[in-house]
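A look at the structure
This is what each chain is made of:
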Amino acid sequence: MAKENKTKPETKSVEAFLAEVEPAGRADEGRVLADLFTRASGEKPVMWGPSIIGFGTYHYRYESGHEGDSPRVGFSPRKAKLVCYLKLDSVGAAPLLAWLGKHGTGKGCLYINKLSDIDLSVLEELVADSYQAMAEAYPN
């Protein structure tokens, strides 16, 4: 029997989630990111699982047969760091990452300590690039 995906769209509002984020400064950064991701993707924010704010959706299917839906781009305002879920292997990502400012990366994750460490206009370009790359890779 196939496992049910844990991360799926939720009915809780993004603002209700952000109102509970600690510390308060991290919640404010979450609001800034929600606006930035909305502009860059053209999508409205939706809660995915208990802590991810996602924009757009795509359907994936692995060779194993496992399949599901995920947001095309998203972020989570975690206590330790802001985590952005992006397609960082797109052609346009590398030059943008070079100009972004202080950050770390993992597979599909961009880690930011605080928004003041980065150039928000570069992040907005990076989100737009990632969203477009996901739309091309997974046209639905």
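The structure presented is a predicted model; accordingly, all values stated were derived computationally and were not measured.

The strand order across the open sheet built from six strands is β1-β2-β5-β6-β8-β7, with neighbouring strands paired in antiparallel fashion. The open sheet is flanked by β1 (45–48) and β7 (104–106), the only strands paired with a single partner. Pairs of neighbouring strands in the sheet enclose a mean axial angle of 25 degrees, with direction left out of account. Pairing between strand β5 (residues 73–77) and strand β6 (residues 82–85): four bridges, direction antiparallel. For P77, the partnering residue across the bridge sits in β6 and is L82. In the packing of helix α2 (residues 24–41) onto the sheet, the strands contacted are β1, β2 (52–55), β5 and β6, and the crossing angle to β5 comes to about 175 degrees.

Residues I52 and G54 point to one face of β2 and I53 and F55 to the other, with burial holding for every one of them. In terms of strand pairing, β1 meets β2 through four bridges, oriented antiparallel. From the neighbouring strand, W48 faces β2, where its bridge partner is I52. Two strands pair when backbone bridges link them, and β2 and β5 are joined in this way by three bridges, in the antiparallel orientation.

So, about the nonpolar core. Of all hydrophobic cores here, the largest spans 32 residues; its most connected members are F37, L86, L110, L123 and L126. Looking at this core, the elements with two or more residues in it are α1 (14–20), α2, β2, β5, β6, α3 (93–100), β8 (109–112) and α4 (120–137). The element that contributes the greatest number of residues to this core is α2, accounting for six residues. Residues in contact with F37, not counting those within four places in the same chain, are G42, F55, V73, G74, F75, C84, L86 and V127.

Further remarks concern the packing of aromatic side chains. Here the structure, examined in full by the defined rule, presents six aromatic pairs. With 5.2 Å between their ring centres and 45 degrees between their planes, F37 and F75 make a pair best called tilted. Linking F37 in helix α2 with F75 in strand β5, this pair joins segments that are 38 residues apart in sequence. Since its relative accessible area comes to 0%, F37 is described here as buried. Three or more aromatic residues joined by ring pairs form one cluster here, namely Y58, Y60, Y62 and Y138.

Conventions we followed
- Residues numbered from 1 in each chain as written.
- Predicted model: local features only at pLDDT ≥ 70, side-chain atom pairs only at ≥ 80, totals over all residues.
- Heavy atoms only, no water.
- Pairing = 2+ DSSP bridges.
- Helix = DSSP H or I, 4+ residues; strand = E, 2+ residues; numbered from the N terminus.
- Axes fitted to C-alpha atoms, helices over the stretch in contact; angles between N-to-C directions.
- Contact = heavy atoms within 4.5 Å.
- Buried < 20%, exposed > 50% of the residue type's maximum accessible area, 1.4 Å probe, protein only.
- Core = buried A, V, L, I, M, F, W, Y, C linked by side-chain atoms within 4.5 Å.
- Phe/Tyr/Trp six-rings, centres within 6.5 Å; stacked < 30°, edge-to-face > 60°.

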